[in-house]
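The primary structure of each chain is shown beneath.
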Amino acid sequence: MRYYGSVYRPPSEAYSLIVQVTYGCSHNTCAFCSMYKDKRFALRPLDEVLEDFQMAREAYPRVEKVFLADGDALVRRAEELCRILDTVRELFPECRQVTCYASPASLRIRTPEELRTLREKGLSMVYMGLESGSDAVLERMRKGHPAEEIVEMGRKARKSGIKLSVTAITGLGGPELLEEHARDTAKALNAMNPEYIGMLTLMVEPGTPLYDWVRQGTFRLLDQSQVLRETRLLVEGLDSPGSVFRMNHASNYLMLRGTLNQDRDAMLREIARAEGDLSRLRPESWRGL
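Residues numbered from 1 in each chain as written. Predicted model: local features only at pLDDT ≥ 70, side-chain atom pairs only at ≥ 80, totals over all residues. Heavy atoms only, no water.

Q: Describe the packing of aromatic side chains, and please don't skip the residues or the numbers.
A: Counted under the stated rule, the structure contains six aromatic pairs. A ring pair is formed by Tyr 4 and Tyr 23, whose centres lie 5.1 Å apart and whose planes are at 75°; its orientation type is edge-to-face. Taken together, the residues Tyr 4 in the segment before strand S1 (17–20) and Tyr 23 in strand S2 (residues 22–23) connect sequence positions 19 residues apart. For Tyr 4, a relative accessible area of 41% gives the class partly exposed. Residue classification places Tyr 23 among the buried residues on the basis of a relative accessible area of 13%. When the centroid spacing of 6.4 Å and the interplanar angle of 65° are considered together, the rings of Phe 53 and Phe 92 count as edge-to-face. Of this pair, Phe 53 sits in helix H1 (residues 46–59) while Phe 92 is found in the loop between helix H2 (78–91) and strand S5 (97–101), placing the two residues 39 residues apart along the sequence. As far as the burial class goes, Phe 53 and Phe 92 line up, both buried. Through a chain of ring-to-ring contacts, three or more aromatic side chains come together here, namely Phe 67, Tyr 101 and Tyr 127. The aromatic ring of Tyr 253 is capped on one face by Arg 287, whose charged end is 4.3 Å from the ring centroid. (Phe/Tyr/Trp six-rings, centres within 6.5 Å; stacked < 30°, edge-to-face > 60°. Helix = DSSP H or I, 4+ residues; strand = E, 2+ residues; numbered from the N terminus. Buried < 20%, exposed > 50% of the residue type's maximum accessible area, 1.4 Å probe, protein only. Lys NZ or Arg CZ within 6 Å of the ring centre and 35° of its normal.)

Shown next, in the form of C-alpha coordinates:
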(Lines give C-alpha, C1' and ligand atoms only; values in the text may rest on other atoms or scores of the structure.)
Protein backbone atom coordinates (compact mmCIF):
# COMPACT_ATOMS: atom_id res chain seq x y z
CA MET A 1 0.00 0.00 0.00
CA ARG A 2 1.04 3.59 -0.57
CA TYR A 3 0.92 5.55 2.66
CA TYR A 4 1.45 9.25 3.16
CA GLY A 5 2.70 10.35 6.57
CA SER A 6 2.02 8.53 9.82
CA VAL A 7 -0.94 6.16 9.75
CA TYR A 8 -3.04 5.51 12.86
CA ARG A 9 -5.70 2.92 13.51
CA PRO A 10 -7.67 1.60 16.51
CA PRO A 11 -6.00 -1.28 18.38
CA SER A 12 -8.72 -3.67 17.23
CA GLU A 13 -7.75 -3.01 13.59
CA ALA A 14 -4.25 -4.47 14.01
CA TYR A 15 -4.84 -7.15 11.37
CA SER A 16 -6.98 -5.13 8.99
CA LEU A 17 -6.14 -3.94 5.50
CA ILE A 18 -5.62 -0.19 5.96
CA VAL A 19 -6.19 2.10 2.98
CA GLN A 20 -6.02 5.88 3.22
CA VAL A 21 -9.23 7.47 2.00
CA THR A 22 -8.40 10.87 3.43
CA TYR A 23 -5.16 12.37 4.67
CA GLY A 24 -5.02 13.61 8.25
CA CYS A 25 -7.86 14.78 10.49
CA SER A 26 -10.52 17.31 9.53
CA HIS A 27 -10.45 18.86 13.04
CA ASN A 28 -6.90 18.26 14.28
CA THR A 29 -6.90 20.91 17.03
CA CYS A 30 -7.57 18.79 20.14
CA ALA A 31 -5.16 19.96 22.84
CA PHE A 32 -4.20 16.44 23.95
CA CYS A 33 -3.69 14.83 20.52
CA SER A 34 -0.41 14.54 18.63
CA MET A 35 -1.79 12.53 15.70
CA TYR A 36 -1.69 13.71 12.09
CA LYS A 37 0.52 16.71 12.79
CA ASP A 38 2.73 15.78 9.84
CA LYS A 39 0.06 16.46 7.20
CA ARG A 40 -2.75 18.78 6.24
CA PHE A 41 -6.23 17.35 5.92
CA ALA A 42 -7.15 16.46 2.33
CA LEU A 43 -9.27 14.04 0.36
CA ARG A 44 -7.13 11.47 -1.37
CA PRO A 45 -7.79 11.20 -5.11
CA LEU A 46 -10.43 8.53 -5.58
CA ASP A 47 -8.57 6.76 -8.39
CA GLU A 48 -5.58 6.27 -6.06
CA VAL A 49 -7.84 4.83 -3.36
CA LEU A 50 -9.35 2.33 -5.77
CA GLU A 51 -5.91 1.44 -7.15
CA ASP A 52 -4.71 0.61 -3.65
CA PHE A 53 -7.55 -1.85 -3.18
CA GLN A 54 -6.65 -3.50 -6.48
CA MET A 55 -3.02 -3.72 -5.37
CA ALA A 56 -4.13 -5.28 -2.11
CA ARG A 57 -6.21 -7.90 -3.93
CA GLU A 58 -3.14 -8.90 -5.90
CA ALA A 59 -0.95 -9.01 -2.79
CA TYR A 60 -3.15 -10.70 -0.18
CA PRO A 61 -4.95 -14.03 -0.62
CA ARG A 62 -7.53 -13.18 2.04
CA VAL A 63 -8.75 -9.88 3.51
CA GLU A 64 -11.41 -10.18 6.18
CA LYS A 65 -11.27 -6.68 7.69
CA VAL A 66 -10.74 -3.26 6.11
CA PHE A 67 -10.08 0.03 7.88
CA LEU A 68 -10.58 3.25 5.93
CA ALA A 69 -7.96 5.75 7.12
CA ASP A 70 -7.08 8.50 8.07
CA GLY A 71 -8.83 10.39 10.80
CA ASP A 72 -12.22 11.09 9.23
CA ALA A 73 -12.99 9.08 6.09
CA LEU A 74 -16.70 9.74 6.51
CA VAL A 75 -16.36 13.32 5.24
CA ARG A 76 -16.05 12.17 1.63
CA ARG A 77 -19.05 12.58 -0.66
CA ALA A 78 -21.58 9.81 -0.13
CA GLU A 79 -21.37 8.60 -3.72
CA GLU A 80 -17.59 8.28 -3.44
CA LEU A 81 -17.88 6.33 -0.20
CA CYS A 82 -20.42 4.06 -1.88
CA ARG A 83 -18.03 3.44 -4.75
CA ILE A 84 -15.25 2.60 -2.29
CA LEU A 85 -17.51 0.17 -0.42
CA ASP A 86 -18.70 -1.40 -3.69
CA THR A 87 -15.07 -1.92 -4.68
CA VAL A 88 -14.29 -3.60 -1.36
CA ARG A 89 -17.26 -5.93 -1.75
CA GLU A 90 -16.37 -6.79 -5.35
CA LEU A 91 -12.66 -7.39 -4.73
CA PHE A 92 -12.92 -9.01 -1.29
CA PRO A 93 -16.09 -11.11 -1.07
CA GLU A 94 -14.58 -12.71 2.05
CA CYS A 95 -14.46 -9.34 3.87
CA ARG A 96 -16.70 -9.35 6.93
CA GLN A 97 -16.04 -5.87 8.35
CA VAL A 98 -15.33 -2.35 7.06
CA THR A 99 -14.75 0.42 9.60
CA CYS A 100 -13.46 3.98 9.86
CA TYR A 101 -13.07 6.87 12.27
CA ALA A 102 -15.97 9.31 12.35
CA SER A 103 -16.34 12.73 13.93
CA PRO A 104 -19.51 14.50 15.06
CA ALA A 105 -19.00 16.89 12.14
CA SER A 106 -18.82 14.14 9.52
CA LEU A 107 -21.82 12.33 10.98
CA ARG A 108 -23.80 15.57 10.96
CA ILE A 109 -23.35 16.11 7.21
CA ARG A 110 -24.57 12.59 6.43
CA THR A 111 -28.31 12.18 6.01
CA PRO A 112 -29.97 9.20 7.71
CA GLU A 113 -30.60 7.76 4.24
CA GLU A 114 -26.93 8.08 3.32
CA LEU A 115 -25.87 6.35 6.52
CA ARG A 116 -28.31 3.50 5.93
CA THR A 117 -27.01 3.11 2.38
CA LEU A 118 -23.42 3.03 3.61
CA ARG A 119 -24.40 0.36 6.11
CA GLU A 120 -26.13 -1.69 3.40
CA LYS A 121 -23.00 -1.44 1.27
CA GLY A 122 -20.80 -2.75 4.06
CA LEU A 123 -19.76 0.00 6.47
CA SER A 124 -20.00 -2.06 9.65
CA MET A 125 -18.82 0.26 12.42
CA VAL A 126 -17.44 3.72 13.11
CA TYR A 127 -15.04 4.76 15.88
CA MET A 128 -15.83 8.09 17.52
CA GLY A 129 -14.01 9.96 20.25
CA LEU A 130 -16.21 11.28 23.03
CA GLU A 131 -13.16 11.97 25.23
CA SER A 132 -15.39 13.46 27.97
CA GLY A 133 -19.03 14.08 28.70
CA SER A 134 -18.14 17.33 30.48
CA ASP A 135 -18.51 20.45 28.36
CA ALA A 136 -15.94 22.20 30.55
CA VAL A 137 -13.39 19.50 29.73
CA LEU A 138 -14.30 19.40 26.04
CA GLU A 139 -13.98 23.17 25.72
CA ARG A 140 -10.63 23.26 27.48
CA MET A 141 -9.33 20.43 25.31
CA ARG A 142 -10.55 22.12 22.11
CA LYS A 143 -12.65 19.17 21.03
CA GLY A 144 -14.84 21.44 18.91
CA HIS A 145 -18.19 19.93 19.92
CA PRO A 146 -20.25 19.95 23.12
CA ALA A 147 -21.19 16.64 24.70
CA GLU A 148 -24.84 16.92 23.63
CA GLU A 149 -23.85 17.10 19.96
CA ILE A 150 -21.43 14.17 20.23
CA VAL A 151 -24.15 12.08 21.89
CA GLU A 152 -26.68 13.09 19.23
CA MET A 153 -24.35 12.05 16.42
CA GLY A 154 -23.47 8.78 18.10
CA ARG A 155 -27.16 7.94 18.37
CA LYS A 156 -27.63 8.93 14.74
CA ALA A 157 -25.01 6.38 13.68
CA ARG A 158 -26.62 3.66 15.75
CA LYS A 159 -30.10 4.37 14.38
CA SER A 160 -28.74 3.80 10.87
CA GLY A 161 -27.61 0.30 11.82
CA ILE A 162 -23.91 1.17 11.94
CA LYS A 163 -22.22 -0.12 15.07
CA LEU A 164 -20.59 2.47 17.29
CA SER A 165 -17.32 2.25 19.21
CA VAL A 166 -16.75 5.22 21.54
CA THR A 167 -13.56 6.20 23.36
CA ALA A 168 -13.10 8.39 26.42
CA ILE A 169 -9.98 9.40 28.33
CA THR A 170 -9.49 9.08 32.08
CA GLY A 171 -7.70 12.06 33.61
CA LEU A 172 -8.63 14.55 30.90
CA GLY A 173 -10.22 16.94 33.37
CA GLY A 174 -7.33 16.99 35.83
CA PRO A 175 -7.99 16.98 39.59
CA GLU A 176 -10.31 20.00 39.45
CA LEU A 177 -12.85 18.34 37.15
CA LEU A 178 -12.30 14.73 38.24
CA GLU A 179 -15.83 14.11 39.52
CA GLU A 180 -17.58 16.07 36.77
CA HIS A 181 -15.56 14.33 34.09
CA ALA A 182 -16.38 10.87 35.48
CA ARG A 183 -20.05 11.57 36.11
CA ASP A 184 -20.82 13.32 32.82
CA THR A 185 -18.80 10.87 30.73
CA ALA A 186 -20.82 7.99 32.15
CA LYS A 187 -24.04 9.87 31.37
CA ALA A 188 -22.97 10.51 27.78
CA LEU A 189 -22.00 6.88 27.24
CA ASN A 190 -25.29 5.73 28.72
CA ALA A 191 -27.20 8.03 26.36
CA MET A 192 -25.43 6.58 23.32
CA ASN A 193 -25.46 2.95 24.52
CA PRO A 194 -22.74 2.07 22.00
CA GLU A 195 -21.78 -1.47 21.08
CA TYR A 196 -18.25 -0.81 22.35
CA ILE A 197 -16.75 1.50 24.98
CA GLY A 198 -12.99 1.99 25.09
CA MET A 199 -11.34 3.81 27.98
CA LEU A 200 -7.83 5.25 27.65
CA THR A 201 -5.77 6.94 30.35
CA LEU A 202 -4.32 10.36 29.57
CA MET A 203 -0.74 10.49 28.36
CA VAL A 204 0.94 13.78 27.53
CA GLU A 205 2.57 13.96 24.13
CA PRO A 206 5.30 16.48 23.21
CA GLY A 207 4.21 19.05 20.66
CA THR A 208 0.67 19.35 22.00
CA PRO A 209 -0.84 22.31 23.87
CA LEU A 210 -1.47 19.97 26.80
CA TYR A 211 2.25 19.23 27.01
CA ASP A 212 2.96 22.94 27.32
CA TRP A 213 0.23 23.38 29.95
CA VAL A 214 1.70 20.60 32.09
CA ARG A 215 5.18 22.09 31.85
CA GLN A 216 3.83 25.54 32.73
CA GLY A 217 1.90 24.14 35.68
CA THR A 218 -1.51 25.23 34.37
CA PHE A 219 -2.72 21.62 34.04
CA ARG A 220 -2.14 18.98 36.70
CA LEU A 221 -2.11 15.28 35.94
CA LEU A 222 -3.90 12.76 38.12
CA ASP A 223 -1.79 10.43 40.23
CA GLN A 224 -2.56 6.71 40.19
CA SER A 225 -4.92 6.86 43.16
CA GLN A 226 -6.89 9.68 41.53
CA VAL A 227 -7.09 7.75 38.25
CA LEU A 228 -8.56 4.80 40.14
CA ARG A 229 -11.04 7.04 41.94
CA GLU A 230 -12.17 8.61 38.69
CA THR A 231 -12.45 5.17 37.06
CA ARG A 232 -14.55 3.90 39.96
CA LEU A 233 -16.91 6.88 39.75
CA LEU A 234 -17.29 6.41 36.02
CA VAL A 235 -17.96 2.66 36.19
CA GLU A 236 -20.42 3.19 39.05
CA GLY A 237 -22.35 5.58 36.81
CA LEU A 238 -22.48 3.33 33.75
CA ASP A 239 -25.89 2.01 32.74
CA SER A 240 -25.44 0.91 29.13
CA PRO A 241 -26.86 -2.60 28.70
CA GLY A 242 -25.02 -4.73 26.16
CA SER A 243 -22.04 -2.40 25.71
CA VAL A 244 -18.71 -4.21 25.60
CA PHE A 245 -16.41 -2.30 27.96
CA ARG A 246 -12.66 -2.40 27.45
CA MET A 247 -10.01 -0.63 29.49
CA ASN A 248 -7.06 -2.63 28.16
CA HIS A 249 -5.17 -0.04 26.11
CA ALA A 250 -1.43 0.34 26.60
CA SER A 251 -2.05 3.71 28.26
CA ASN A 252 -4.12 2.23 31.10
CA TYR A 253 -2.75 1.55 34.59
CA LEU A 254 -5.51 -0.96 35.32
CA MET A 255 -6.89 -3.52 32.90
CA LEU A 256 -10.67 -3.91 32.94
CA ARG A 257 -12.98 -5.75 30.59
CA GLY A 258 -16.57 -6.87 30.67
CA THR A 259 -20.03 -6.48 29.24
CA LEU A 260 -22.44 -3.99 30.76
CA ASN A 261 -24.34 -4.04 32.90
CA GLN A 262 -23.78 -7.63 33.96
CA ASP A 263 -20.04 -7.29 34.67
CA ARG A 264 -20.10 -3.84 36.29
CA ASP A 265 -19.92 -5.15 39.88
CA ALA A 266 -17.02 -7.45 39.03
CA MET A 267 -15.13 -4.52 37.49
CA LEU A 268 -15.82 -2.41 40.57
CA ARG A 269 -14.38 -5.16 42.76
CA GLU A 270 -11.25 -5.18 40.59
CA ILE A 271 -10.93 -1.41 40.97
CA ALA A 272 -11.31 -1.74 44.75
CA ARG A 273 -8.55 -4.35 44.87
CA ALA A 274 -6.26 -2.01 42.94
CA GLU A 275 -7.11 0.91 45.23
CA GLY A 276 -5.95 -1.23 48.13
CA ASP A 277 -2.78 -2.38 46.38
CA LEU A 278 -1.26 -0.03 43.82
CA SER A 279 1.34 -2.66 42.90
CA ARG A 280 -1.41 -4.27 40.81
CA LEU A 281 -1.16 -1.36 38.36
CA ARG A 282 0.92 -1.19 35.20
CA PRO A 283 4.20 0.61 35.92
CA GLU A 284 4.49 4.09 34.45
CA SER A 285 7.43 3.03 32.27
CA TRP A 286 5.30 0.34 30.61
CA ARG A 287 2.54 2.68 29.50
CA GLY A 288 2.29 3.71 25.86
CA LEU A 289 0.02 4.87 23.06
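Q: Could you give me a rundown of the nonpolar core, with the residues and numbers involved?
A: Counting 66 residues, the largest nonpolar core has Phe 53, Val 66, Leu 68, Leu 74, Phe 92, Leu 123 and Phe 245 as the members making the most contacts within it. Among all residues touching Leu 74, those that are not within four sequence positions of it are Leu 81, Cys 100, Tyr 101, Ala 102, Ser 106, Leu 107, Arg 110, Leu 115, Leu 118 and Leu 123. In this structure, Ile 169, Leu 172, Leu 177 and Phe 219 belong to the second largest nonpolar core, which totals 13 residues. (Core = buried A, V, L, I, M, F, W, Y, C linked by side-chain atoms within 4.5 Å. Contact = heavy atoms within 4.5 Å.)

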